[in-house]
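The primary structure of each chain is shown beneath.
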Amino acid sequence: MNRHILSLYFIMGSNNTNESPVHVLQQAIEGGITCFQFREKGHGALVGKEKQQLARELQQVCQANGVPFFVNDDLKLALELEADGIHVGQDDIPVREIKKLAPASMLVGVSAKTLEEAKSAVEDGADYIGTGPMFITSTKEDADVPVGPERIRFLREEGMTLPIVGIGGIDEKNAHHVLEAGADGIAVISAISMSRHPKQATSDLKKILMENGRNE
Ligand SMILES: Cc1ncc(COP(=O)(O)OP(=O)(O)O)c(N)n1
Ligand SMILES: Cc1nc(C(=O)O)sc1CCOP(=O)(O)O
Ligand SMILES: [Mg+2]
C-alpha cells in the first residue's frame, strides 16, 4: 500500500461530534485528511439501518473527494459497502479471517502495541498497524494506559517496517512527538471532530505533518 494515505487519518462516529458528521467530514477533507475511518461505537452509537445509512453517506463524501474509506470492526458492513479498508483490534475478528473473506484489494489495519502483536500483524498480512494510546484520551471508553511515542520508536528500532499510525490523545501540540518517533501518520478523533473549526484544526495538523516531512 501507499503509506502516505495514512498520514492524516481521521476517525469519527456520530457520537464524536455535536455537529452533522457529514459536515464535519467535509470540513476535514477540505483541511486535508488523507483517509477516513467510520467508527460507530460507544455511548449512543447508531445500530442497524441507521448505522448503515450514515456509513453510506460518509462513504459517498469520501468517494466524491478521492479519500479512502475504512470501517472500524464491522466486517459485514465493510463488505456490504465495498469499503477501501477495515481496521480491527486484538479482540476483533482476526486479520487472517478477514483476508479469507474480503477482496484482496481491501486494506486491513490492526491495532498492535507490543512487538509480538506487530510481528503477528506482518505474518498475517496486515497492511498497517495502529499503535496507542500515545497519550491520555477520553474518547475511547476502554482505552489502555498510554504507551507513548516511545513505543513506536522501539518498534522501529526492532526493525518493524510495516506502516505505523499513532493514535490516542494526539493534537496539534503533541503530534510532532509521534512523527519524530517514526510513525507514518497520526490518527485522530476529537482533535478534529470536537473542534469548533474542523477545517482549521485539520489544516493545523497538516502543517505539522509537512514540517515533519510527511508532505505527500
Ligand atoms: C487507526 C486505528 N488504530 C487503532 C484503533 C483502535 O482499534 P481497537 O483496538 O479495535 O479499538 P476500537 O477502535 O475498536 O475501539 C483504531 N480504531 N484505528
Ligand atoms: C479509537 C482509539 N483507539 C485507541 C488505541 O489506543 O488503540 S485510542 C482511540 C481514541 C482516539 O481518539 P482521540 O484522538 O480523540 O484521543
Ligand atoms: Mg476494534
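What counts as what
- Residues numbered from 1 in each chain as written.
- Chains lettered and ligands numbered in written order.
- Predicted model: local features only at pLDDT ≥ 70, side-chain atom pairs only at ≥ 80, totals over all residues.
- Heavy atoms only, no water.
- Donors = N, O, S within 2.8 Å, 3.2 Å for Na, K, Ca; no water.
- Helix = DSSP H or I, 4+ residues; strand = E, 2+ residues; numbered from the N terminus.
- Core = buried A, V, L, I, M, F, W, Y, C linked by side-chain atoms within 4.5 Å.
- Buried < 20%, exposed > 50% of the residue type's maximum accessible area, 1.4 Å probe, protein only.
- Contact = heavy atoms within 4.5 Å.
- Near = heavy atom within 4 Å.
- Polar contact = N/O pair within 3.5 Å; in protein donor to acceptor, adjacent residues only side chain to side chain.
- Areas by Shrake-Rupley, 256 points an atom, 1.4 Å probe, with all protein chains shown as cover.

Regarding the coordination of the magnesium ion (ligand 3)
Each protein donor to the magnesium ion (ligand 3) is listed here as Asp73 (OD) and Asp92 (OD); together their distances run 2.1 to 2.2 Å. Taken together, the positions of Asp73 in the loop between β3 (69-72) and α3 (75-81) and Asp92 in the loop between β4 (85-88) and α4 (95-101) put the pair 19 residues apart, joining distant regions of the chain.

Some points on the nonpolar core
The biggest cluster of nonpolar side chains holds 58 residues, and the ones touching the most others in it are Phe10, Leu25, Ile33, Phe36, Phe69, Ile129 and Ile186. With residues near it in sequence (within four places) discarded, Phe69 still touches Phe36, Phe38, Ala55, Leu58, Gln59, Cys62, Leu81, Ala83, Asp84 and Gly85. Grouped together as the second largest cluster of nonpolar side chains are 11 residues, Leu6, Ile11, Leu107 and Ile189 included.

Quick word on the site of ligand 2
Residues in contact with ligand 2, as listed here, are Arg39, Gly132, Pro133, Thr137, Thr139, Lys140, Ile167, Gly168, Gly169, Val188, Ile189 and Ser190. The contact in question runs from an oxygen atom of ligand 2 to an N or O atom on the side chain of Thr137, over 2.7 Å. In the environment of ligand 2, an oxygen atom lies 2.5 Å from a nitrogen or oxygen atom belonging to the side chain of Thr139. Look at ligand 2: alone it shows 420 Å² of surface, and the protein chains cover 92% of it.

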